[in-house]
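Geometric and topological summary
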Amino acid sequence: MNGETSAAAFVEDVSIEGHIVDSLILPKILDEITALGGKFEISEIHVGQRRNDPSSARLQVSAATAELLETILTSIGQHGAVPVHQQDCTIVTADMDGAFPEGFYCTTNQDTEVRLGGNWIAVDLQEMDCGIRIGEGDQSAECLPMSQVHQGDRIVVGRLGVRVIPQGRELSEHGTFAFMNSAVSSEKPKGVLVRDVAAEMHKARNGNGRILVVGGPAIVHTGSSEHFSWLIREGYVDVLFAGNALATHDIEQSRFGTSLGISMEQGNVIEEGHEHHLRSINAIRRAGGIKAAVENGELTSGIMYECVRHNVPFVLAGSIRDDGPLPEVITDALEAQQRMRELIRDVTFCLMIATTLHSIAVGNLLPARVKVVCVDINPATVTKLSDRGSFQTVGLVTDVEPFLRSLLNELQGS
Ligand SMILES: NC(=O)c1ccc[n+]([C@@H]2O[C@H](COP(=O)([O-])OP(=O)(O)OC[C@H]3O[C@@H](n4cnc5c(N)ncnc54)[C@H](O)[C@@H]3O)[C@@H](O)[C@H]2O)c1
């Protein structure tokens, strides 16, 4: 196969290996080279014969200018294409707090390695849109958010000596998660997807997995609070991330039987119901917080109550539109991000339900190896997630209530 390299062009040999054929990584790389205006020649290719066999390829990539070649190599490097002639990564010391040195290597959410002293070592705390900080003695490397750079930190600059290990197909798997490729499922049988989600959650709960749920207030507005509470009680939620609204309306429902002033029993607007959520926030603030309100018997049911009772850690991240907010809401966005980073370290499965804001925020923090299911009535939410790099997200376009009801049916039958 030939993308017509030219003798006059700027040229680099790159190699790529792994499940590059069945995960469509190789075609993606070839397409990207030509789309960016470069050319390629496949000098070697070895295709694995059996299902578990990896494949490998060596390409000669060329471009009309050194800058274009650099752009192409940076882009295809994110899919695991690595220059054949490698060297150790370049390290530059940060000259100020809160900013990287110019030319810093910008991370993806895919597992990454850096070359130090001739050895490739894994980068810890993988997260997209960060830099890479090298530890003392060149023995460790980790992703570092820009706001956490300190003067004197040793930061990787340029793409040399950095390689990405692309997320391929998981060989043991079938169905929804076999190809983690943003399947938005408005036109797919939802029952199959729900069954696969239930199987993943069951496997995580009964094994070493850890489940993160990211939720929006529509969980409460649609009358799904009890479904969600059941998931918490049964050990299917290890961590909860949400905003002020989910917790507020959940507490409103527990105290007044309404959500945003709508009766959960009758579905009608209750007189002065619009005040209920504010009165709920006020009561919790007076009690000293959600946990204190559970302990003193003021809050006796609902999602937040179950989280406290079952020691499920939660992060309520603030937003500009919050009323109150509830005392546990972290209003400093960077502090909320950091608390979320601490709690996602061992997460293996993430269920995002009915929140664009928090889903995208969490998508930015999760490494690509974490399976993500995003349930939203609007397909644009899932599309936004994948456009921002969380390509491993499987989307389920549906109302949250029937989704949670059928998830419970599946889990209760498993
Ligand atoms: N009174 C308050 O304090 C208050 C009120 C609202 C929101 N907020 C805060 O504002 C921020 C953004 O709020 P958000 O995350 O709710 O808004 P968002 O717009 O980011 O997300 C809401 C999502 O819910 C989806 N959705 C709506 N109904 C649904 C249904 N029945 N089934 C499935 N999906 C459904 C929408 O398509 C949308 O994607 C949050 O931090 C929140 O806590 C605060």
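Refer to the structure printed above.
In this text the structure is predicted, and so the values were computed from the model without any measurement.

**A word on the overall build of the chain**
Along the chain, the regular secondary structure elements total 13 helices and 20 strands. The globule rule puts the C-alpha radius of gyration for 414 residues at 22 Å, and the 24 Å found for the chain is close to it. Dimensions of the chain, computed from C-alpha atoms along their principal axes, come out at roughly 80 × 50 × 35 Å. Counting the 414 residues in the chain, one finds 43% classified as buried. Relative to all contacts within the chain whose residues are 6 or more apart in sequence, the contacts with residues 24 or more apart total 67%.

**Quick word on unusual backbone geometry**
With an omega dihedral of -10°, the bond running from G324 to P325 counts as a cis peptide bond. Mapped onto the elements, P325 comes out in the loop between β16 (314–317) and β17 (329–330). Positioned with a positive phi, L260 is a non-glycine residue whose angle comes to about 55°. Structurally, L260 is set in the loop between β14 (258–259) and β15 (262–263).

**Focus: helix α11 (residues 356–365)**
Of the residues making up α11, those classed as buried are H358, S359, V362, G363 and L365. Buried residues in α11, looked at end-on, bunch into an arc of 160°, giving them a common side.

**Description of the pairing of strand β10 (residues 154–157)**
As judged from the 4 bridges shared by strand β5 (residues 90–93) and β10, these two strands associate in the antiparallel manner. Across the sheet, T93 pairs through a bridge with R154, a residue of β10. Pairing of strand β8 (residues 131–134) with β10 involves 2 bridges; the strand directions are antiparallel. In the strand pairing of β10, R133 is matched with I155.

**So, the nonpolar core**
Membership of the largest hydrophobic core comes to 69 residues, with the highest contact counts inside it found for C350 and M352. Those residues in contact with C350 that lie beyond four places of it in its chain are L212, V214, V362, L366, V370 and V372.

**Some remarks on the packing of helix α1 (residues 25–35) against helix α2 (residues 66–77)**
The geometry of a pair of packed helices is captured by two quantities: the angle between their axes and the separation between those axes. For the pair α1 and α2, interaxial distance at closest approach is 10 Å and the crossing angle is 160°. Classified by the angle between their axes, α1 and α2 sit roughly antiparallel to one another. Between α1 and α2 lies a crossing of right-handed hand. The residues of α2 that touch α1, namely those facing I29, E32 and I33, are I72, S75 and I76.

Basis of the calculations
- Residues numbered from 1 in each chain as written.
- Predicted model: local features only at pLDDT ≥ 70, side-chain atom pairs only at ≥ 80, totals over all residues.
- Helix = DSSP H or I, 4+ residues; strand = E, 2+ residues; numbered from the N terminus.
- Rg over C-alpha atoms; globule rule 2.2 N^0.38 Å.
- Buried ≥ 20, exposed ≤ 12 C-beta atoms within 10 Å, placed from the backbone.
- Contact = placed C-beta atoms within 7 Å.
- Arc of directions from axis to C-beta.
- Pairing = 2+ DSSP bridges.
- Core = buried A, V, L, I, M, F, W, Y, C linked by C-beta atoms within 7 Å.
- Axes fitted to C-alpha atoms, helices over the stretch in contact; angles between N-to-C directions.
- Parallel < 35°, antiparallel > 145°, perpendicular 65-115°, else oblique.
- Left-handed = near helix turned anticlockwise from the far one by under 90°.

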